[in-house]
Amino acid sequence: MIELEVPQVRGLEDPYRSLIWQGLGRRSVSLEKLATEMYARGLSVRDIEDLLKQLSDDGQTMLLSKSSVSEVTEVLWQAYESFTKRELSSFDVVYLFADAVHESLKQQANCSQAVLVTWGILRDGSKVLLHMSLGNKESADSWLEHFRSPVSRGMLTPLTVTSDGAPGLIKAIEGMWPEAERIRCWVHKMRNVLDKVPDEQRETVKRLPFDIRDAPDHAIGQARAKAFIEQYKSKLPSAAACFEEDLEASLNHLKLPSLHHKSIRTTNLVERGFEEERRRSKVIPEFRTEKECLKLVFAVLWRASQRWLKVKFTEIERRQLEAYIRVRQASGKKVRDLFAA
């Protein structure tokens, strides 16, 4: 440790600042980036402070305090704010997805708050995170407010929207994009159906819905679904009724190019990001503030989204989408022509 005497200079507009002292006291860009990434990957500010102390030359020097770590990680909040304000008119969204993760906020009397997330697959096949916001619950109003943001920033109407069966979310999707084809997530659907099936019958019963999900086209899917309902409506009435609920939305993915079925029939893409976020937020019993919650959830999901792989849009898929759009337009539906010159 070196003690320095700092000059006290009178008669200046601003306090005297030694360039040498500023150089000595300045945190390196690498150290700040390291602290930010450690925080984004799930370490608490106290963990980062302790770890950096251990990594110092003498094992005792505090390279960054807890308050300094909090200061440094403000860059994540700035990144989130920029993300929620960016222009989206250049994002040609074909398939849209919406889901939420719930977190507890001390600021809100330990109530569970929904972090609403929207992402999409573009016409060039790339997958992008589009918007994220906080809703006090997954109500239709919260989701509508969430959807209005990307629309106000230039996002065009998608061809489809995939979601779970939350009533508020469905109402918001149909209110915001009535012309889009709504797709019900098969992971959520199967979870709900199998919850109503006795354990000893689950392996047998679940094969038939998977055959329906993987049908080669919409007509065959409808026929298989009808057969499943007829077979089980007496044996397992609750499971059959659950499967039949919102059935058309569950089969809508079969109207689209077969190569895209696996990508558009679930919200799994961001669900994996949610799992990663929950694993990292375990070190925080509860988020103190909305800001603390949003910056960490965003940091995790944004980093995950940078690793998302593209979906193929070959000439075959393009022609299949063109045919699908023509059929919908011929039936009187107002559908955006993705391939108009």
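For the structure given in this document, a descriptive report is provided here. Everything quoted here is computed from the prediction, not taken from an experiment. Residue numbers restart at each chain and count upward from 1, following the sequence in its written direction. With pLDDT at 70 or above as the cut-off, local features in this predicted model cover only qualifying residues; side-chain atom pairs require 80 or more to be listed or tallied, and sums for whole chains, interfaces and linings still use all residues. Computation of side-chain values covers all heavy atoms of the structure but excludes hydrogens and water.

Notes on the pattern of salt bridges
Piece 1. We define a salt bridge as a side-chain nitrogen of Lys or Arg found within 4 Å of a carboxyl oxygen belonging to Asp or Glu. In this structure the tally under the stated criterion is 17 salt bridges.
Piece 2. One salt bridge in this structure joins Arg213 and Asp214, with 2.8 Å as the shortest N-O distance.
Piece 3. The exposure class assigned to Arg213 is buried, which follows from its relative accessible area of 18%.
Piece 4. Partly exposed residues are those whose accessible area sits between 20% and 50% of the maximum for their type, while under 20% is buried and over 50% is exposed, using a 1.4 Å probe and protein chains only. With relative accessibility at 40%, the residue Asp214 sits in the partly exposed group.
Piece 5. Residue Asp214 is joined to Arg265 by a salt bridge in which the shortest nitrogen-to-oxygen separation is 3.0 Å. Taken together, the residues span a long stretch of sequence, with Asp214 in the loop between helix H9 (202-213) and helix H10 (218-232) and Arg265 in the loop between helix H13 (261-264) and helix H14 (268-281) at a distance of 51 residues.
Piece 6. Shared partners join several salt bridges into a network, and the residues in it are Glu174, Arg182, Arg184 and Asp246. Numbering of helices and strands starts at the N terminus; helices are DSSP runs of H or I of at least 4 residues and strands are runs of E of at least 2.

Some points on the side chain of Arg265
Piece 1. Note on Arg265: relative accessible area 12%, which makes it buried.
Piece 2. A polar contact is formed between the side chain of Arg265 and the side chain of Asp214, at a distance of 3.0 Å.
Piece 3. Contacts: residue pairs with any heavy atoms within 4.5 Å of one another. Apart from residues lying up to four places away in sequence, Arg265 is in contact with Thr162, Ile183, Arg184, Cys185, Trp186, Arg213, Asp214 and His253. Contacts described as polar in this section are N or O atom pairs within 3.5 Å, which, within protein, must combine one atom able to donate a hydrogen with one able to accept it, while residues neighboring in sequence count only if both atoms come from side chains.

Looking at the nonpolar core
Piece 1. Within the largest apolar cluster, 49 residues are counted, with the highest numbers of intra-cluster contacts made by Tyr95, Val115, Val117, Trp119, Met132, Leu159 and Leu301.
Piece 2. It is helix H15 (residues 290-305) that provides the largest number of residues to this core, a total of eight residues.
Piece 3. Among buried residues, the Ala, Val, Leu, Ile, Met, Phe, Trp, Tyr and Cys ones that are joined through side-chain atoms within 4.5 Å form a nonpolar core. Residues Val93, Ala98, Val161 and Trp177 belong to the second largest nonpolar core, which totals 23 residues.

Some words on the environment of Lys127
Piece 1. Note that Lys127 resides in strand S3 (residues 127-135).
Piece 2. Discounting residues that sit within four places of it in the chain, Lys127 has contacts with Gly120, Ile121, Leu269, Ser305, Trp308, Leu309 and Val311.
Piece 3. Looking at Lys127, its side chain comes within polar contact range of the main-chain oxygen of Leu309, at 3.2 Å.

Details of helix H11 (residues 237-244)
Piece 1. Listed as buried for H11 are Ala239, Ala240, Cys242 and Phe243. For H11, the angular spread of buried residues about the axis comes to 160°, placing them on one side.
Piece 2. The inward-facing, buried residues of H11 contact helix H8 (186-194), H9, H10 and helix H12 (247-251). Note: the arc covers the axis-to-C-beta directions of the helix.

Some points on the packing of aromatic side chains
Piece 1. For Phe, Tyr and Trp, where Trp contributes only its six-membered ring, two rings pair if their centres lie within 6.5 Å, and the inter-plane angle classes them as stacked under 30 degrees, edge-to-face over 60, or tilted in between. In total, this model carries 12 aromatic pairs according to the counting rule given.
Piece 2. On the numbers, 6.2 Å between centres and 35° between planes, the contact of Tyr95 with Phe313 is tilted. Pair noted here: Tyr95 is in strand S1 (residues 93-105) and Phe313 is in the loop between H15 and helix H16 (315-330), with a separation of 218 residues, a long-range link.
Piece 3. On the basis of relative accessibility, which here comes to 22%, the residue Phe313 falls in the partly exposed class.
Piece 4. Centroid distance Phe97 to Trp119: 5.6 Å. Interplanar angle 10°. Geometry classified as stacked. With Phe97 in strand S1 and Trp119 in strand S2 (residues 111-122), this residue pair connects regions lying 22 residues apart in the sequence.
Piece 5. Owing to a relative accessible area of 2%, Phe97 belongs among the buried residues under this scheme.
Piece 6. Aromatic rings pair up to connect Trp77, Tyr80, Phe83, Phe298 and Trp302 into one cluster.
Piece 7. Two conditions define a charge located above a ring, namely a distance within 6 Å from the ring centre to NZ of Lys or CZ of Arg, and an angle within 35 degrees of the ring normal. Directly above the ring of Phe243 sits Lys189, whose terminal nitrogen or CZ lies 5.8 Å from the centroid.
Piece 8. One cation-aromatic arrangement involves Lys235 over Tyr232; the distance from NZ or CZ to the ring centre is 5.6 Å.

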